[in-house]
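# Close look at the chain arrangement
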Amino acid sequence: MIYLNGHYMPIAEARISPMDRGFLFGDGAYELIPVYSRRPFRPDEHLARLVHTLDGIRLANPLSLPQWRAVIEHLVSGNQGEDQSIYIQVTRGADVKRDHPFPKGVPPTVFVMSAPLVTAAPELLQTGVACVSAADNRWLRCNLKTVSLLANVLLRQEAVDAGCAETILFRDGFLSEGAASNIFIVRDGLLLAPPKGHLMLPGITYDVVLELAQKHGLSYEVRDILEAEVRAADEIWMTSSTKEVLPVTTLDGRPVGTGKPGALAVAMYSWYQDFKRTVMRGAES
Ligand code: PLP
């Protein structure tokens with residue numbers, strides 16, 4: 001069951017016009033909310049990020065916060081699986097003609113679906129994952145989660161073509177993030193995270209990782225990270241709602257640190273799994 005413009009229906013019955021601006025221009029916003037044991041994780045934070053994106057692209061938020069929560073709850077209970085991912089997309093709607101400026105009097109298209117939540121296999125902690133790097137050639141508003149993802153798609157494909165898990169992006173000599181993840185590094189026992197800003201998406205998992213670092217007394221710094229620091233790092237981690245926390249063990253074919261998952265990656269992974277068990281599946285909503 002999905003939600004489309006005020007109605008719940010099977011996905012096979014859902015219809016969107018080819019004139020939809022999401023299709024024609026990539027003119028829209030999206031969010032992905034992981035659901036554990038039928039409990040959406042930090043829905044308010046995800047919805048705040050959606051509202052931030054909608055504000056950033058001058059698209060009025062079509063639903064109130066309680067309405068969004070109700071749609072999410074309805075889909076979580078109406079779909080199978082204890083763990084799901086709720087995908088939300090809002091576009092600037094379908095006009096009768098193709099024209100760049102905002103259409104007048106056209107309602108937005110609001111689509112929400114549930115899919116099984118597929119997280120990284122635990123075995124990956126033993127090996128880590130391989131990554132390639134590329135110049136970050138996306139636009140300068142990477143803090144917005146917009147459906148115009150062509151640059152991310154092309155960059156991520158570079159990793160797939162090389163048999164790797166992710167493409168790590170550098171802009172003007174500094175680390176920004178992955179094509180679909182945030183990136184952290186460890187140097188001399190210190191965890192480093194690039195600062196939030198218009199050059200990267202503010203990940204909800206990024207926040208969790210820094211909270212867990214704080215809670216467990218792992219020192220960290222949030223600051224600009226040079227590409228050279230990444231290439232000389234003892235550890236590199238990638239994080240996202242679906243990848244969770246994954247150690248990167250090779251970058252562009254060269255080993256990261258010892259070439260094996262580092263001690264702090266292993267520690268963070270286990271703190272994260274513990275957090276998932278106790279908080280995500282437990283009392284917090
Ligand atoms: N950066 C980009 C470009 C992403 O697409 C994503 C998630 O899809 C992230 C970072 C991680 O965000 P989150 O931790 O909220 O999943």
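Structural data are supplied above this passage.
I will try to describe carefully the structure that is included in this document.

Criteria and cut-off values
- Residues numbered from 1 in each chain as written.
- Predicted model: local features only at pLDDT ≥ 70, side-chain atom pairs only at ≥ 80, totals over all residues.
- Heavy atoms only, no water.
- Helix = DSSP H or I, 4+ residues; strand = E, 2+ residues; numbered from the N terminus.
- Rg over C-alpha atoms; globule rule 2.2 N^0.38 Å.
- Buried < 20%, exposed > 50% of the residue type's maximum accessible area, 1.4 Å probe, protein only.
- Contact = heavy atoms within 4.5 Å.
- Areas by Shrake-Rupley, 256 points an atom, 1.4 Å probe, with all protein chains shown as cover.
- Lys, Arg positive; Asp, Glu negative; His and termini not counted.
- Charge placed at Lys NZ, Arg CZ, Asp CG, Glu CD.
- Pairing = 2+ DSSP bridges.
- Right-handed = clockwise from strand over helix to strand, strands pointing away.
- Near = heavy atom within 4 Å.
- Polar contact = N/O pair within 3.5 Å; in protein donor to acceptor, adjacent residues only side chain to side chain.
- Nonpolar A, V, L, I, M, F, W, Y, C, P; charged D, E, K, R; others polar.
- Phe/Tyr/Trp six-rings, centres within 6.5 Å; stacked < 30°, edge-to-face > 60°.
- Lys NZ or Arg CZ within 6 Å of the ring centre and 35° of its normal.
- Axes fitted to C-alpha atoms, helices over the stretch in contact; angles between N-to-C directions.
- Salt bridge = Lys/Arg side-chain N within 4 Å of Asp/Glu carboxyl O.

### Considering the overall build of the protein chain
From N to C terminus, the protein chain includes 8 helices and 15 strands. Relative to the globule expectation of 19 Å for 285 residues, the C-alpha radius of gyration of the protein chain, 19 Å, shows essentially globular dimensions. The principal-axis extent of the C-alpha atoms belonging to the protein chain is close to 55 × 40 × 30 Å. Burial statistics for the protein chain: of 285 residues in total, 49% are counted as buried. Counted over contacts in the protein chain with a minimum sequence separation of 6, partners at least 24 positions apart contribute 70%. Carbon and sulfur atoms make up 57% of the accessible area of the protein chain, which totals about 13200 Å². Looking at charge distribution, the protein chain has the averaged site of its 28 positive side-chain charges lying 3 Å from that of its 32 negative ones.

### Examining the pairing of strand E11 (residues 190-193)
Summarising the sheet, strand E10 (residues 182-187) and E11 pair through 3 bridges and their orientation is antiparallel. Bridging across to E11, Val 186 finds its partner in Leu 191. The antiparallel hairpin formed by E10 and E11 contains 2 residues in its connecting segment, where Asp 188 sits at a positive phi of about 50°. The pairing of E11 with strand E12 (residues 220-222) spans 3 bridges and is parallel. Looking across to E12, one finds that Leu 191 is bridged to Tyr 220. The handedness of the E11 to E12 crossover, carried by helix H6 (residues 204-215), is right-handed.

### Considering the site of the ligand
Around the ligand there are 16 residues in total, and Arg 49, Glu 177, Ile 204, Thr 205 and Ser 241 lie nearest to it. With respect to the ligand, the side chain of Glu 177 contributes an N or O atom lying 2.6 Å from a nitrogen atom. Contact with the protein chains hides 90% of the accessible area of the ligand, taken as 390 Å² for the molecule alone. Elements that contribute at least two residues to the shell around the ligand include exactly strand E9 (174-178) and H6. Looking at the shell around the ligand residue by residue, the class counts come to 4 nonpolar, 8 polar and 4 charged.

### Observations concerning the packing of aromatic side chains
On inspection of all chains with the given rule, the structure shows 6 aromatic pairs. Seen from their ring centres, Phe 184 and Trp 237 are 6.2 Å apart, and the 35° between their planes marks the pair as tilted. With a gap of 53 residues between them, Phe 184 in strand E10 and Trp 237 in strand E13 (residues 235-240) connect regions that are remote in the sequence. The ring of Phe 102 carries Arg 92 above its face, with NZ or CZ at 3.7 Å from the centroid.

### Observations regarding the sheet that holds strand E4 (residues 39-40)
Strand pairing in a sheet takes place through backbone hydrogen bonds and is either antiparallel or parallel in direction. Strand order across the open sheet formed by 6 strands is E2-E1-E6-E5-E3-E4, with antiparallel pairing between neighbours. In this open sheet, the two edge strands, each paired with only one partner strand, are strand E2 (7-9) and E4. Across 8 bridges, the pairing between strand E5 (residues 84-91) and strand E6 (residues 109-116) is antiparallel. Bridging from a neighbouring strand, Tyr 87 pairs with Met 113 of E6. Docked against the sheet, helix H2 (residues 43-56) engages strand E3 (28-36), E4 and E5, running at close to 175° with respect to E3.

### What about the side chain of Ser 181?
Relative to the elements of secondary structure, Ser 181 occurs in the loop between E9 and E10. Here Glu 166 takes part through its side chain, which lies 2.7 Å from a polar atom of the side chain of Ser 181.

### Considerations on the pattern of salt bridges
The tally for this structure, following the rule as stated, stands at 19 salt bridges. Note that Arg 42 and Glu 211 form a salt bridge whose closest N and O atoms lie 2.8 Å from each other. Residue Arg 42 is located in the loop between E4 and H2, and its partner Glu 211 is located in helix H6; the two are separated by 169 residues in the primary sequence. By relative accessible area, Glu 211 is classed as partly exposed at 38%. Where Asp 83 meets Arg 281, a salt bridge forms, and the shortest distance between an N and an O atom there is 2.8 Å. Taken as a pair, Asp 83 in the loop between helix H3 (65-78) and E5 and Arg 281 in helix H8 (residues 263-283) lie far apart in primary sequence, 198 residues in all. The partly exposed category is assigned to Asp 83, whose relative accessible area is 24%. In the salt-bridge network here, residues are joined through shared partners; they are Asp 136, Arg 138, Arg 171 and Glu 177.

Note that all results are geometric; they support no functional claim without further evidence.
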